[in-house]
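Here is how the chains run, residue by residue.
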There are 2 protein chains.
Amino acid sequence: MKKNSIDIGIEKYSIYFTETIEQIKISLKEIINVYNPSKLFLICDINVYNIYKSFVNEMCIEMKAELLNICCLEEKKNIDTVSAIYDFLIEKHANRDSMVIALGGGIAGDIVGFACSTYMRGIKFINVPTTLISQTDSSVGGKVGYNYKDIKNSIGAFYNPKAVIICIDFIKTLPEEQFKSGLGEVIKYSLIYDKEMLNYMETNYKDILNISYRSLSYLIKNCVEIKRQVVTEDFKDEGLRNILNFGHSIGHAIEVDSHYSISHGEAVALGILVALKISEGKFNLDKNLYSRIVNLYANLGIRLNYDISNYDEFMNALRHDKKNDQNIRFVLIKDIAKCEIKVKVTEDEIRTAIKESIEGDS
Amino acid sequence: MKKNSIDIGIEKYSIYFTETIEQIKISLKEIINVYNPSKLFLICDINVYNIYKSFVNEMCIEMKAELLNICCLEEKKNIDTVSAIYDFLIEKHANRDSMVIALGGGIAGDIVGFACSTYMRGIKFINVPTTLISQTDSSVGGKVGYNYKDIKNSIGAFYNPKAVIICIDFIKTLPEEQFKSGLGEVIKYSLIYDKEMLNYMETNYKDILNISYRSLSYLIKNCVEIKRQVVTEDFKDEGLRNILNFGHSIGHAIEVDSHYSISHGEAVALGILVALKISEGKFNLDKNLYSRIVNLYANLGIRLNYDISNYDEFMNALRHDKKNDQNIRFVLIKDIAKCEIKVKVTEDEIRTAIKESIEGDS
C-alpha cells in the first residue's frame, strides 16, 4: 500500500492508494487511530452498497459504524438528500467528534462532503471514491456541494476531507458509461498539463480499456498529482485552478440540455472538442491536435457527437456558469499544457465551434 | 470615524465603528473601493427596513444595490429563508465577484452569512449589525448558520465577512427587550474576561439604560476586542473559544423550552445565573458574585426568573447541544475572568442549580 501526503493551503490530508477493497480497512484503521472519533458513520451510494453488500456490512460491524445508504443520481443531488443526511446524523446523535466515511462516486462525495461541512459547522469526513471520475478528479480539492434550481453545484463550500482512500478494484465493477466518463476527465488532465500522459493513452488505449491495474494506477496517480499541484497553489479557485475547468463550460451546459442523460465526463469530453475548435480560432492551435483527440476518443469508444436540443436553455446554462462574470469566459489552450484562463468568448463563436465539432460530421 | 483592523486566522477584515447611520455610507464606499464588486446586493431585516426605509432606499440608489427584505424571526431562521436568498441572488445574476451587505440583527447576519458562504461556494459579504447583541457578539467571529429540526444553528459554517460596520445609532430604535437581550451578552463578557467592565456596568447602569453614546461605545468596543482576542486564538471553536458559551448551554435550552418567546440574550442571562450556582458547587465560587449579578440584573431590568415548562424537552435540548460529546459539558467560572471549559455536569446538578437560581425566589 502506497501513501501520498497532500498539503493544500493550511490543511494537510493523506491520499491512500489501495489495490484491493480489503486493503481499505487497513487504511481506515490507520486514519481512525489518528483522529480517534467518538462515533463513526458510513454513508454509502446505494448502487455501491448493492454490489459490495457483504464488504460494506462487514466493515460496519468491524468498525462499529452506523450505515446510511443514499441514492446518488444527479437529480437527487439536492437539499432533500443533504437533509436526509442531517436527519440521520441527528437521529444517531452525531457530534463534533464524530467522523463520516463517504463511499461512492463524485455525487456521494459532493453531497456527503457538503453535509459534513455544514452539520454543526463541520464534522470530519473521509472520502472513499469508487468511480474513475471521482478518483481522478472530484475527491481531491475540497469542492463539495449540490445542485439548486438546475444549476449544477450552485450551492457548496470548500471543505477538505481528513483523508481520501482510492481503491482501483472499484473500477472493475463500474458501468462502461461511467468508465468512459472518467476517461473524459483524464484526457482533460493530459491536455491541460501532461503531454506524456496523452502519449501514454494513445499508445496504451487497449490496456486502459482492459482496466489493467498498471495503466489505471498510472493514470489515476498522475491526475491526482496534477490536481494536488493545482489546488495547492489556488485552493479557492481564484486563478490557476481555472484550468481544471477546461471543457467544463460547454460540458455543464450539455449536461443541463440533455437533462443529465449525458454523464459528466462524456459531457466534458464533448466540451473539450468545442473548446479545441474555439482555441484554433482564438490562438491558432494546431489543428492536428483536434484530429489526435478525435482519434483517441474513437479508440476509447468516447462519444464524439451531440446535438443541442434547446439552444436558448443551453446558452442560459452557459451564462449562469459560476465561472462567469458579466461575460461568458472559457479556458482555452494554445498548445498541450499551455492554458489561457478566463478568455472572453461570444455566443456566436460558441455556436460556430459547436457546428464545426460535436454537431458536425466528424 | 474610528476603524479597528481585526486579524482572525489567515483572514483579515476590518471593523468600522460609526456614530450615525449617515457615516455607514462612508465606510461602505471605502470597503467597496477595496473589493470593487461587479454587483452589490443589500439583504435587510424587514423590521429594520420599516424603521429606516428612506435611509435604506437612498443607500440602494446611491450604491446601485439591489434590495431584498427578509423576515428575521427565530422561527424563520431556516432553509426556506436561506433558499429565498439563493433565489434572489440567482434571479439577479449574482456571481462570484458580487458582494452582499447584510443589514439587521444576529439572525440576519447568520442567515445572510450562511447563504453567502454557500452560494457558488462563497461570495463576499459585509455585515452591518443593528442590535446590541449582534454588535457585541455575533457579527464578529465568523459563525453563520440556521436552525434545523428545532436545534439552534445546527447547520452552519465558519465564514468571515469582508468587513463589519457597527453603528451605535441603531441601538436607539431597538425594542427594549432586544436591548436587554444584548446586555445579557455584555454581562457574559464581563464575567468571563473583564472585571473592569463589570465594575463599569454596576456604576454606570443609568447611563447604559439611557443609551448614552459614551457608555454604549465603551461596552461594544470592549466586547468586540474580547471576542477578537478569543476567536483569533481559536477560530474553529476547539478550545479557548468555548468560554464564549458561558451561560449558553442552559440559555439555548431555555430558548427551546420557551419556544423562543425568551430572547437569546435574556436566556443567556438566565443561563449565567444557573452556571454561577453550579460553579459555586463545583469550584467554590464566591457566593457574593451571584448577589452582585442579581443586583445588576435588577438595576438593568433583566429578567431573573424562569420556570422550565417541560423538563424532558429541556434536557433533550441540552443533550443535543453542539458543545457536548457523550456528556453534558458546561463552561463554568472559578472567579471573574477565570473560566473552566468542558466541565462535565450531571442532570441532577443542573436541576438543583435551576431550583436554587431561576426557579427560586431570588
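Residues numbered from 1 in each chain as written. Chains lettered and ligands numbered in written order. Predicted model: local features only at pLDDT ≥ 70, side-chain atom pairs only at ≥ 80, totals over all residues. Heavy atoms only, no water.

Chemist: Would you explain the overall build of chain A in this entry?
Modeler: A count of helical and extended segments in chain A gives 15 helices and 11 strands. Over its C-alpha trace chain A gives a radius of gyration of 20 Å, about what one expects of a compact globule, namely 21 Å for 362 residues. Considered along the principal axes of its C-alpha atoms, chain A spans approximately 55 × 40 × 35 Å. Buried residues in chain A amount to 64% of all 362 residues. In chain A, once contacts between residues fewer than 6 apart in sequence are set aside, the share between residues at least 24 apart is 74%. Accessible surface computed for chain A: about 13,800 Å², of which carbon and sulfur atoms make up 46%. Of note, chain A has its 44 positive side-chain charges centred 4 Å away from the centre of its 49 negative side-chain charges. (Helix = DSSP H or I, 4+ residues; strand = E, 2+ residues; numbered from the N terminus. Rg over C-alpha atoms; globule rule 2.2 N^0.38 Å. Buried < 20%, exposed > 50% of the residue type's maximum accessible area, 1.4 Å probe, protein only. Contact = heavy atoms within 4.5 Å. Areas by Shrake-Rupley, 256 points an atom, 1.4 Å probe, with all protein chains shown as cover. Lys, Arg positive; Asp, Glu negative; His and termini not counted. Charge placed at Lys NZ, Arg CZ, Asp CG, Glu CD.)

Chemist: Looking at this structure, how should I read the interface of chain A and chain B?
Modeler: Accessible area lost upon the coming together of the parts serves often as the stated size of an interface. Taken together, the contacts link 36 residues of chain A with 36 residues of chain B. Here chain A meets chain B over a buried area of about 3,200 Å², counting both sides, of which 55% is carbon and sulfur. Across the chain A-chain B interface, the total number found is 12 residue pairs in polar contact (both at pLDDT 80 or more). Listed by contribution, the elements that provide at least two residues to the side of chain A that touches chain B are α4 (79-91), α5 (106-118), β7 (143-148) and β8 (151-158) of chain A. Among the elements that line the side of chain A that touches chain B, the one with the most residues is β8 of chain A, at seven residues. Taken together, the residues of the side of chain A that touches chain B sort by class into 14 nonpolar, 12 polar and 10 charged. (Buried area = accessible area lost by both parts, 1.4 Å probe. Polar contact = N/O pair within 3.5 Å; in protein donor to acceptor, adjacent residues only side chain to side chain. Nonpolar A, V, L, I, M, F, W, Y, C, P; charged D, E, K, R; others polar.)

Chemist: I keep staring at the confidence of the model for chain A and nothing clicks. Help me out?
Modeler: As a general rule, the predicted coordinates of low-pLDDT regions are not to be interpreted in detail. Across chain A, the average pLDDT comes to 92, with 96% of residues at or above 70. What the predictor reports for the complex is a pTM of 0.90 with an ipTM of 0.89. (pLDDT = per-residue confidence, 0-100.)

Chemist: Teacher, can you tell me more about the relation of the copies chain A and chain B here?
Modeler: The operation linking the two copies of the chain is a rotation about an axis combined with a translation along the axis. Once turned by 180 degrees and shifted 0.0 Å along the axis, chain A lies on chain B with an RMSD of 0.0 Å. In the structure described here, the two chain copies are related by an operation that fits a two-fold rotation axis. Mapped onto chain B, 100% of the interface residues of chain A again fall at the interface, so both copies present the same surface. (Least-squares fit on C-alpha atoms with pLDDT ≥ 70 in both.)

Chemist: Just to check I follow, could you spell out the nonpolar core for this structure?
Modeler: Within soluble globular proteins, side chains that are nonpolar generally end up buried alongside one another. Counting 76 residues, the largest nonpolar core has L191 and I350 of chain A as the members making the most contacts within it. Ranked by residues supplied to this core, first place goes to helix α12 (residues 264-283) of chain A with 10 residues. Here this core spans two domains, since at least three of its residues come from each of domain 1 (2-173) and domain 2 (176-356) of chain A. Once you skip the residues sitting within four places of it in the chain, I350 of chain A turns out to touch I250, I278, M315, L318, I328, F330 and V345 of chain A. By size, the runner-up hydrophobic cluster in this structure holds 75 residues, among which are I243, M315, L332 and I333 of chain B. (Core = buried A, V, L, I, M, F, W, Y, C linked by side-chain atoms within 4.5 Å. Domains from an automatic or database assignment.)

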